[in-house]
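Observations on the three-dimensional arrangement
The primary structure of each chain is shown beneath.
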Amino acid sequence: GTSSTGGDAQRVGETLNGELLSQLGSFREIYVARSAAKLREWMRGILAKDTEALRSMTPERAESGPLPLLSAGPIDVFSAIQSELHTTLEEVSDPALAALSACSMADLILEHAEGYEAAVEATAEAGEASGGASNEAKGLILTRSSSSPAAFAKAVRPILSGTGVPESIKSGRWDPGPRPVTSASVEQLCLAANSCSVYHSEASEVVRLVEDKIGFWDLAASASGSLLISASLGEARAGLGRFEKLMRSSILRFQRGSTLCVSALVGLILRDVGEVLGVLFGEDWLLEGNRCVETVCATIHDYCVDTAEYLRWEIYSRFLASLFDEILHAYLTGESGERKIEHEIQIAGSR
């Protein structure tokens, strides 16, 4: 009787284990769906706040806030993501569940990246539209004690309008004078570029954490010979490809957002100095008192003083490289165009 009872218990145990194993996939999906629902709601709230912080960034806020400019969004998002990942990677020894959870989080990160990318695109387009124009009607007063991009815009206005050269430039002394009126586009672009940079680095760290943990489980499964862990690990490897693809898409979006902002900043500066640069290729720059070269240099310095404070160092380095490349291109393009005109005049005169 005892052996029969023991055999029945074993069969019941095997049946229950088999049933549990057959339902394990469903249990994983239910767990991940519940976690994702909470995380999605949290991340949508962060995206709304992050977008509003970007839209409402003004010179006054930039002056009074910490530098470099950065919103709380990237850290808030990835603190929540890494907290959830810690549960599935460290506290649950189920590689398949970890991979499924990671894919779910990658979906949410991509959703967030798409939303923030749209906000960044709108900001970059606004920066491009506002560059080089008069900003007096916008009503935003810049009260920074250091130099600002608007300082040049005000001082150089007589040159651009053809009414003469300011005394401060004639004398060779760059004096921005009273704080002028300006738009907030520079501050917004810097904030967006910085946030995209942090999103990019935090997303890359998530990829590293997941890949490292799967690699650790690979070694552990080989050492232990556990069939359950090996089977779960096989499912995890299959899901890892989707996770990496989703994260790669998010990282590229954050990278693109940062690049858009840097390009918009460079474009804004070039529009401001464009007309002055044009003087270099005519006869006006030979006139006594013309300081167009000094004006261009002072303008670039003025922008760089602000952006050096506003931008994270890695973004500022990219900004400088892009700015100098574009200025060199603008100069060489103008010079080659002037030479072409002179050549055509010479040909016409020899006929």
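Please read these numbers as outputs of a predicted model, since none were measured by experiment.

Attention now goes to the overall build of the chain. Secondary structure assignment for the chain yields 11 helices and 0 strands. Its helices and strands taken in sequence order, the chain reads α-α-α-α-α-α-α-α-α-α-α from the N to the C terminus. Expressed as a percentage of its 351 residues, the buried residues of the chain come to 41%. Put simply, the chain shows about 18400 Å² of open surface, and 57% of that area lies on carbon and sulfur atoms.

Looking now at unusual backbone geometry. The amide bond that connects Leu67 to the next residue, Pro68, takes the cis arrangement and shows omega of -5°. Looking at the secondary structure, you find Pro68 in the loop between α2 (59-64) and α3 (73-91).

Considering the arrangement of structural elements, one finds Gln188 in helix α8 (residues 185-224). The buried category is assigned to Gln188, whose relative accessible area is 15%. As a C-alpha pair, Gln188 and Ala62 span 126 residues in sequence and 9.2 Å in three-dimensional space. When near neighbours in sequence (up to four residues on either side) are disregarded, Gln188 contacts Leu54, Arg55, Met57 and Thr123. In terms of polar contacts, Gln188 uses its side chain to reach the backbone carbonyl oxygen of Leu54, at 3.2 Å.

The subject of this paragraph is the pattern of salt bridges. Considering all chains together, one arrives at 10 salt bridges under this definition. Between Arg253 and Glu117 there is a salt bridge, and its shortest N-O distance comes to 2.5 Å. With Arg253 in helix α9 (residues 227-279) and Glu117 in helix α4 (residues 95-130), the pair connects residues that are 136 residues apart, well separated along the chain. On the basis of relative accessible area, Glu117 is assigned to the buried category, the value being 11%. Between Glu314 and Arg312 there is a salt bridge; the shortest N-O distance is 2.6 Å. Of the residues examined, Arg312 reaches a relative accessible area of 23% and is grouped as partly exposed. Here the salt bridges share partners, and the residues they tie into one network are Glu114, Glu117, Glu121, Arg253 and Arg256.

Turning our attention to the packing of aromatic side chains. For the coordinates displayed, the defined rule picks out 5 aromatic pairs. In this structure an aromatic cluster arises from ring pairing among Phe78, Tyr116, Tyr199 and Phe254.

What follows concerns helix α10 (residues 292-310). The terminal C-alpha atoms of α10, which comprises 19 residues, lie 27 Å apart, in line with the 27 Å expected from a rise of 1.5 Å per residue. Buried within α10 are the following residues: Cys292, Thr295, Val296, Ala298, Thr299, Ile300, Asp302, Tyr303, Cys304, Asp306, Thr307 and Tyr310.

Membership of the largest hydrophobic core comes to 78 residues, with the highest contact counts inside it found for Ile81, Phe243 and Phe319. Among the secondary structure elements, those contributing two or more residues to this core are α1 (2-55), α3, α4, α8, α9, α10 and α11 (313-350). Ranked by the residues each element gives to this core, the list is headed by α9, at 20 residues. Excluding residues within four positions of it along the chain, Ile81 makes contact with Leu39, Met43, Met105, Ile109 and Val206.

This next bit is on the confidence of the model for the chain. For the chain, mean pLDDT is 75; residues scoring 70 or higher make up 68% of the total. Here helix α5 (residues 149-155) is the element of the chain with the lowest mean pLDDT, 43, and α4 is the one with the highest, 88. Low pLDDT, under 50, characterises residues 132-160; the stretch is placed with 78 contacts to residues that sit more than four places away or in other chains. Confidence over residues 168-184 falls short of pLDDT 50; this stretch has 47 contacts with residues more than four positions distant or in other chains.

Conventions adopted
- Residues numbered from 1 in each chain as written.
- Predicted model: local features only at pLDDT ≥ 70, side-chain atom pairs only at ≥ 80, totals over all residues.
- Heavy atoms only, no water.
- Helix = DSSP H or I, 4+ residues; strand = E, 2+ residues; numbered from the N terminus.
- Buried < 20%, exposed > 50% of the residue type's maximum accessible area, 1.4 Å probe, protein only.
- Areas by Shrake-Rupley, 256 points an atom, 1.4 Å probe, with all protein chains shown as cover.
- Contact = heavy atoms within 4.5 Å.
- Polar contact = N/O pair within 3.5 Å; in protein donor to acceptor, adjacent residues only side chain to side chain.
- Salt bridge = Lys/Arg side-chain N within 4 Å of Asp/Glu carboxyl O.
- Phe/Tyr/Trp six-rings, centres within 6.5 Å; stacked < 30°, edge-to-face > 60°.
- Expected span 1.5 Å × (residues − 1).
- Core = buried A, V, L, I, M, F, W, Y, C linked by side-chain atoms within 4.5 Å.
- pLDDT = per-residue confidence, 0-100.

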